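Structure at a glance
Next come the chains, spelled out residue by residue.
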Protein chains: 2
Amino acid sequence: MTNLEDMGKRAREASRALGRLGTAKKEQGLKAAAKALMDGKEEILAANRQDVDAAVKKGMAPGLVDRLMLDEERIQAMADGLMQVAALEDPVGEVLSMKPRPNGLLIGEKRVPLGVVGMIYEARPNVTADAFGLCFKTGNAVILKGGSDALSSNKAVAACLRRGLETEGLPGSALQLIEDTDRETTKKFMTMNQYLDVLIPRGGAGLIQAVVENSTVPVIETGTGNCHIYVDESADIQMALDIVYNAKTQRIGVCNACESLVVHRKAAGEFLPGLKEVLDKKQVEIRADEEARRIVPEFSAAAEEDWGKEYLDYIISVKTVGSLEEAIRHINRYNTRHSEAIITSDYANALKFLEEIDAAAVYVNASTRFTDGYEFGFGAEIGISTQKLHARGPMGLKALTTTKYIIFGDGQVRP
Amino acid sequence: MTNLEDMGKRAREASRALGRLGTAKKEQGLKAAAKALMDGKEEILAANRQDVDAAVKKGMAPGLVDRLMLDEERIQAMADGLMQVAALEDPVGEVLSMKPRPNGLLIGEKRVPLGVVGMIYEARPNVTADAFGLCFKTGNAVILKGGSDALSSNKAVAACLRRGLETEGLPGSALQLIEDTDRETTKKFMTMNQYLDVLIPRGGAGLIQAVVENSTVPVIETGTGNCHIYVDESADIQMALDIVYNAKTQRIGVCNACESLVVHRKAAGEFLPGLKEVLDKKQVEIRADEEARRIVPEFSAAAEEDWGKEYLDYIISVKTVGSLEEAIRHINRYNTRHSEAIITSDYANALKFLEEIDAAAVYVNASTRFTDGYEFGFGAEIGISTQKLHARGPMGLKALTTTKYIIFGDGQVRP
């Protein structure tokens, strides 16, 4: 069995060294890791073929096999990702503010790495390279625990990345992969408070829930999105249709896709028939409340459980309301605090929605699909936080840092 | 038994209302609460007498009885505290940055309340008023779970505060107190993820450990401090003695008191005899390693377990080292990431210590006792975070807020 204790110690040790590396050296490391990925592509492809063969043999769904599969293009994309992260601005070391106190102490707040980041994820081997890149850039060591279906691929990717680091004289233990996939190991990993500063789960709702419930290490919850669009009484109906079509169908399995519509009664008569027309183009099933079904009887009937559901599929729910207040109450009750939008031409309603909706990202007249690190201008993201502590919304490099106070004195004692 | 589910719902409901209150209205609420405390002082004193009598009867240590006891002055101090918080700048609503994206979306990051704050604390009834004040000021509802020894006092204080809010037409459920003190209730409280946005333990190491281990709600760990002072080879010895005397003895039971000294071999000969002299004034027991005891044989012998101990008492440990690097390794191994100081006159050593020590506050030539919300200029604090996520060091009002992205569009969809 993996000796997690030893891994933890090595990670802590490596994190001390990484914290002292300058930006230039970290950039070299990332470039060397990217090159090593390309140099090792045959080895990675061979390992991935083992995983894919085993997955097909055990009857994995084709969509999941596709996520698991690597080809030369996908390896190139991982390497390109590392190069892009290398080019981002390094947030570490910035002193955010520094002020003198009346007693002469000069107190500054300095951005520093978190230390050791733990990550638990499912079947995509590209996460191995992506997570490493973001953590390394911010001076953090990382311990990864990927899904068992991708184990051979992850091992090969990690081996290449480490080889790249080592050619630059950098510690390979900046990236460690847990190779045991039994429950006991995972459970122990989630309670390694002495060695892990944060644990980030990436995957489906089940995985995230399990980590939140079992981890004693501080967790950043990411990614489940039951995102709503509210079509206000005053909405431009064509704009509403365009945005809903985009937010529902542009990509179906992502956390910022729209899963539920809330429609003001006075807009419903014009909006709902148009909705059926545009969503029929992609065979989206529309599950609506009774009031909406009186307008478009072809809609199927929504059950109470539909309001809270993240479909990640060609399905959307429709709820009719009589006021903006009712819409806000409904959304705050059923949402997952991810991304919510209002379509309106009313100034006061726009501001009220922005103010009162409890979510990481609240939109006026735009698609929820923009909640994303690149779209927000942060570059690559480690995930989208749906909790309120530490980071909320797309988490870029800064979310992988903390601060410490640095205090310059000349003999001050407290009276 | 307390219906925690109902309390959670009421708190969530109240938090929606509090989030919409403006600064002026919150200020009125805090002032009314302060007045209600003073108006209710007889009721509070009577309730407190019950707690104190019961505590004395069951043989509680005098120091703890003193922390439990209220008198008119202490109630006045609670009321004054609320007035001070009322006067602080309101962080809620500030938009930290707002920038247009190339597609015309205008994306801003707005500071908003966390929502519902849970707090678990021990025997000081003043925490009831302090925690309420900071949470209310930041638009958060709070659910408090105090120690059973202070239950009558806490109930009386909470009743007065609520009465104050209600005279201003504000929701009394902004502040709720859990009156059951059984384990089951506490355990359930720690897993109310649906209703609590954060849980903050305040108290001894045992309480904090129990919350970290059992809570599924995100926790901010506060307060244990095994703080070191490193006396460098180049230290001004008189400055070192003054600072150590202050950091060890100015107040003994606090988390930013110094618990351990690390002394460079070349400074030990001059520093250690002086140390004995100044600490003898307060009968501080000095537990030292062998090398230090060869210089001052009157020191008692330190055991391995002394290095990791937060004494909160008139005891200090002394470790001798041969280099700054050894000092940094020792401190990073045994500290609790709270506050650490170097006494030095060497420029490079000062910067190296600031860079490499892993703690919330790192000092050069000053007492560790300054790690405190007031001393840092933040005003009242809800605790001192010793973890790295969300907030690190003294947590003022901002630590009780989060952000949300507000996005202004005019029909944007994702290509």
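So, a few notes on the structure that sits alongside this text. Being a predicted model, the structure only gives us computed values, none of them experimental.

1. Points about unusual backbone geometry
All names here are of chain A.
- Even without glycine at this site, Leu 312 takes up a positive phi of about 55 degrees.
- You can see Leu 312 is positioned in the loop between strand E10 (300-301) and strand E11 (315-321).
- Here Leu 312 falls in the partly exposed class, since its relative accessible area comes to 35%.
- In this model, Asn 365 sits at a positive phi of 55 degrees, which is unusual for a non-glycine residue.

2. Looking at the interface of chain A and chain B
- The interface is formed by 73 residues belonging to chain A together with 73 residues belonging to chain B.
- Buried surface at the junction of chain A and chain B, summed over both partners, amounts to about 5900 Å²; 52% is from carbon and sulfur atoms.
- A per-residue breakdown of the area chain A buries against chain B is headed by Leu 389, Tyr 405 and Arg 414 of chain A, which together make up 14% of the total.
- Here chain A is connected to chain B by twelve salt bridges.
- The salt bridge involving Arg 16 of chain A is made with Asp 358 of chain B; its shortest N-O contact spans 3.1 Å.
- Our enumeration of links across chain A and chain B arrives at 48 residue pairs in polar contact (both at pLDDT 80 or more).
- Ranked by residues supplied to the side of chain A that touches chain B, first place goes to strand E16 (residues 401-412) of chain A with eleven residues.
- Looking at chain direction, E16 of chain A and strand E13 (residues 361-366) of chain B are connected through five bridges and run parallel. Each residue of the ladder has a partner; that of Ile 406 of chain A, found in E13 of chain B, is Val 362 of chain B.

3. Considerations on the pattern of salt bridges
- Evaluation of the coordinates by the stated rule reveals 54 salt bridges over all chains.
- Across the pair Asp 358 of chain A and Arg 337 of chain A runs a salt bridge, and its minimum N-O distance is 3.4 Å. A residue pair is termed long-range when its members are at least 10 positions apart, and Asp 358 of chain A in the loop between helix H14 (347-356) and strand E13 (361-366) and Arg 337 of chain A in the loop between helix H13 (324-334) and strand E12 (339-343) qualify at 21 residues. There is no split in this pair, since Asp 358 of chain A and Arg 337 of chain A are both buried.
- Within this structure, Arg 12, Arg 16 and Asp 197 of chain A together with Arg 337, Asp 358, Lys 388 and Arg 392 of chain B form a network of salt bridges that share partners.

4. Observations concerning the sheet that holds strand E3 (residues 116-121) of chain B
Residues and elements named next belong to chain B.
- The strand order across the open sheet formed by four strands is E5-E4-E3-E6, and the pairing between neighbours is parallel. Each edge of the open sheet carries a strand with a single partner, namely strand E5 (175-177) and strand E6 (198-202). Strand-to-strand, the axes of this sheet are offset by a mean angle of 20 degrees, without reference to chain direction.
- Sitting on the sheet, helix H1 (residues 4-20) touches E3, strand E4 (141-145) and E5, and the angle it makes with E4 is about 145 degrees.

What counts, and where the lines are drawn
Residues numbered from 1 in each chain as written. Chains lettered and ligands numbered in written order. Predicted model: local features only at pLDDT ≥ 70, side-chain atom pairs only at ≥ 80, totals over all residues. Heavy atoms only, no water. Helix = DSSP H or I, 4+ residues; strand = E, 2+ residues; numbered from the N terminus. Buried < 20%, exposed > 50% of the residue type's maximum accessible area, 1.4 Å probe, protein only. Contact = heavy atoms within 4.5 Å. Buried area = accessible area lost by both parts, 1.4 Å probe. Salt bridge = Lys/Arg side-chain N within 4 Å of Asp/Glu carboxyl O. Polar contact = N/O pair within 3.5 Å; in protein donor to acceptor, adjacent residues only side chain to side chain. Pairing = 2+ DSSP bridges. Axes fitted to C-alpha atoms, helices over the stretch in contact; angles between N-to-C directions.

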